[in-house]
Amino acid sequence: MVVAQVARLELLLPSERLDPARLMQDLQAAGKSAAYLPDVETIVNHVAKGVQGGDVICVFSNGGFGGIQGKLLERLGKR
């Protein structure tokens, strides 16, 4: 699992914010691979290194997220 750096967290009350560090700790404690990454390029590079044939990549975003879908397809198509 990869979680992108959450933008504008400061707009929410601390009690309403996602705590990315805690999420990563909880996932890793459960034996799951997890990374909290700062930007689209870093995420694309990270995913491209670890993806294998037959894997499914699912992107959840509330917007275009820097064109990540196209960037992933382009990067993975070069393999």
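Presented here is a report on the structure given in the accompanying data block. Position numbers for residues start from 1 in each chain and track the written sequence from start to end. Only residues with pLDDT of at least 70 are given local features in this predicted model, and only at 80 or more are side-chain atom pairs given and counted; all residues enter the totals for whole chains, interfaces and linings. Side-chain numbers here rest on the full set of heavy atoms in the structure, without hydrogens or water.

## Examining the overall build of the chain
Elements are defined by DSSP. Helices are runs of H or I of four residues or more, strands are runs of E of two residues or more, and each kind is numbered from the N terminus. The helix and strand tally for the chain stands at three helices and two strands. Starting at the N terminus, the α and β elements of the chain follow one another as β-α-β-α-α. With the principal axes as the frame, the chain shows a C-alpha extent of 45 × 30 × 15 Å. Burial classes: relative accessible area under 20% of the type maximum marks a residue as buried, over 50% as exposed, and values in between as partly exposed (1.4 Å probe, protein chains only). Across the 79 residues in the chain, those meeting the buried criterion constitute 22%. It only takes one pair of heavy atoms within 4.5 Å for two residues to be counted as in contact. Within the chain, contacts between residues separated by at least 24 positions form 60% of all contacts whose residues are at least 6 apart in sequence. Counting only carbon and sulfur atoms, one obtains 54% of the accessible surface of the chain, whose full area is about 5,900 Å². For the accessible areas, the method is Shrake-Rupley and the probe is 1.4 Å, while residue cover comes only from the protein chains on display.

## A short note on helix 1 (residues 20–29)
Regarding helix 1, the residues found buried are P20, M24 and L27. For helix 1, the buried positions fall inside an angular range of 70° around the axis, keeping them on one side. Residues of helix 1 that are exposed and point more than 90 degrees away from the buried face comprise Q25 and A29. For helix 1, the secondary structure elements touched by its buried residues are strand 1 (2–4) and strand 2 (35–37). The positive-phi residue at the C-terminal boundary of helix 1 is G31, with phi of around 85°. The reported arc concerns the directions from the helix axis to the C-beta atoms and nothing else.

## Concerning the packing of helix 2 (residues 40–50) against helix 3 (residues 68–77)
Fitting a line to C-alpha atoms yields each axis, with helices limited to the stretch in contact; the angle taken between N-to-C directions then spans 0 to 180 degrees. Two elements in contact, helix 2 and helix 3, have axes separated by 10 Å at closest approach and are oriented at 40°. Between helix 2 and helix 3 the crossing geometry is right-handed. Of the residues in helix 3, those in contact with V40, E41, I43, V44, N45, V47 and A48 of helix 2 are I68, K71, L72, R75 and L76. Crossing handedness: left-handed means the near helix sits turned counterclockwise from the far one by under a right angle, and right-handed means the same turn made clockwise.

## Side note on the nonpolar core
In this structure, A4, A35, L37, V40, I43, V44, V47, I68 and L72 together form the largest nonpolar core, which totals nine residues. Elements supplying a minimum of two residues to this core: strand 2, helix 2 and helix 3. Top contributing element to this core by residue count: helix 2, with four residues. With residues up to four places along the chain from it excluded, the contact list for A35 reads M1, V2, V3, M24 and H46. Take the buried residues of types Ala, Val, Leu, Ile, Met, Phe, Trp, Tyr and Cys, join any two whose side-chain atoms come within 4.5 Å, and each joined set is a nonpolar core.

## Focus on the environment of V2
Residue placement: V2 occurs in strand 1. For the pair V2 and V59, spaced 57 residues apart in the sequence, the C-alpha separation amounts to 9.5 Å.

## Comments concerning unusual backbone geometry
Unusually for a residue other than glycine, F65 sits at a positive phi of about 50°. Relative to the helices and strands, F65 resides in the loop between helix 2 and helix 3.

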